[in-house]
Amino acid sequence: MDAPNNLAALREEKGWSRPKLAELMNTSPQQVERLEKGQRKLTQDWMIRAGEALGVDPSDIMGGTSARVKSDAQTFRYEGSSADRPHEDLPIYGTVLGAPKFFEGEAIEQTTLNSGDVVGYLKRPPLLNGRGDVYGLYVVSNSMWPVYPEGSTIVAEGKRPARIGDDVVAYLRPENEEDDGERARAVIVKRLVRRTAEYYEFEQFNPAITFRLPRSMVLRIDRVLTFADLLS
């Protein structure tokens, strides 16, 4: 049994059924029930998904008996205050090089990303304060060289949708497995060049390949933040 959480209380406060919350979290009612009862570990990934669905901070879902609903109010901060200094709390998830996947006869490098394994922390720019959807990961292949050399760190976000031309972290749907939000995921770090109702088209640089994946194969796509994003 996992630690107590506020998931059921928050859902009932909104008058939602488990199927309603499950739909917004892109999972099953049975999975929501297990999370509420502590029969399934409430990982950071699950807290982010539940927080976005319920309109609360992900941290408010764990522990205690009450949670605060997000509002548009902004805390006043004096210019130059310590609140504007970067906090070293942006998680870096564990990554390893996964076995290549073959799409349309081409071998595409993929990465195994484990969101339950935090291997370090980055300094969080003030622009990203309060953002539970932002995370870092280590590049473990040369498929996006020279833009992202092996060993470099990238920062991705799940809140804003990726645009055509953005570099992305695309999560591949597990084959014949229930998506329980816990296991390590196969991801590809590529450039999004096109999307249709049927497929996504990606580009990698080394070797130079453009390939398509059916939408049914892609669980979600997170946008890689640029240097300009982090400074603006």
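Residues numbered from 1 in each chain as written. Predicted model: local features only at pLDDT ≥ 70, side-chain atom pairs only at ≥ 80, totals over all residues. Heavy atoms only, no water.

Helix and strand counts for the protein come out as five helices and eleven strands. Of all intrachain contacts in the protein linking residues separated by at least 6 positions in sequence, the fraction that spans at least 24 positions is 61%. When the accessible area of the protein is evaluated, it comes to approximately 12,600 Å², of which 50% is carbon and sulfur surface. (Helix = DSSP H or I, 4+ residues; strand = E, 2+ residues; numbered from the N terminus. Contact = heavy atoms within 4.5 Å. Areas by Shrake-Rupley, 256 points an atom, 1.4 Å probe, with all protein chains shown as cover.)

In this section: helix α4 (residues 44–54). The element α4 is largely enclosed, with a buried count of nine among its eleven residues. Of all the positions in α4, only Asp45, Trp46, Met47, Ile48, Arg49, Ala50, Gly51, Ala53 and Leu54 are classed as buried. Buried residues in α4 make contact with α1 (7–13), α2 (18–25), α3 (29–37), β4 (111–124), β8 (185–195) and β11 (218–224). Glycine 55, located one to two residues past α4, shows a positive phi value of around 75°. (Buried < 20%, exposed > 50% of the residue type's maximum accessible area, 1.4 Å probe, protein only.)

We now examine the confidence of the model for the protein. Per-residue confidence for the protein gives a mean pLDDT of 83, with 84% of residues at or over 70. Confidence scores differ between elements of the protein, with helix α5 (residues 227–231) showing the lowest mean pLDDT of 80 and strand β9 (residues 199–205) the highest of 96. Scored below 50 in pLDDT, residues 64–83 shows 22 contacts in the model against residues more than four places distant or in partner chains. (pLDDT = per-residue confidence, 0-100.)

It is worth spelling out the side chain of arginine 223 at this point. Among the structural elements, arginine 223 can be located in strand β11. Polar side-chain contacts of arginine 223 include one of 2.9 Å to the side chain of aspartate 229. Those residues in contact with arginine 223, other than ones at most four positions away along the chain, are Val155, Ala156, Glu157, Arg160, Pro161, Ala162, Arg163, Asp166, Asp167, Val168 and Asp229. (Polar contact = N/O pair within 3.5 Å; in protein donor to acceptor, adjacent residues only side chain to side chain.)

Two side chains carrying opposite charge are able to pair once their charged atoms lie near each other. As enumerated under the stated definition, the model contains 19 salt bridges in all. We note a salt bridge from arginine 18 to glutamate 33, for which the minimum N-O separation is 3.9 Å. Here glutamate 33 lies in helix α3 and arginine 18 lies in helix α2, a separation of 15 residues in the sequence. Aspartate 167 serves as the salt-bridge partner of arginine 191, at 2.6 Å between the closest nitrogen and oxygen. Within this pair, whereas arginine 191 is found in strand β8, its partner aspartate 167 is found in strand β7 (residues 167–172), the two being separated by 24 residues in sequence. Judged by relative accessible area, which is 24%, arginine 191 ranks as partly exposed. Taken together, the shared-partner salt bridges in this structure form one network comprising Arg131, Asp133, Glu157, Arg160, Arg163, Asp166, Arg223 and Asp229. (Salt bridge = Lys/Arg side-chain N within 4 Å of Asp/Glu carboxyl O.)

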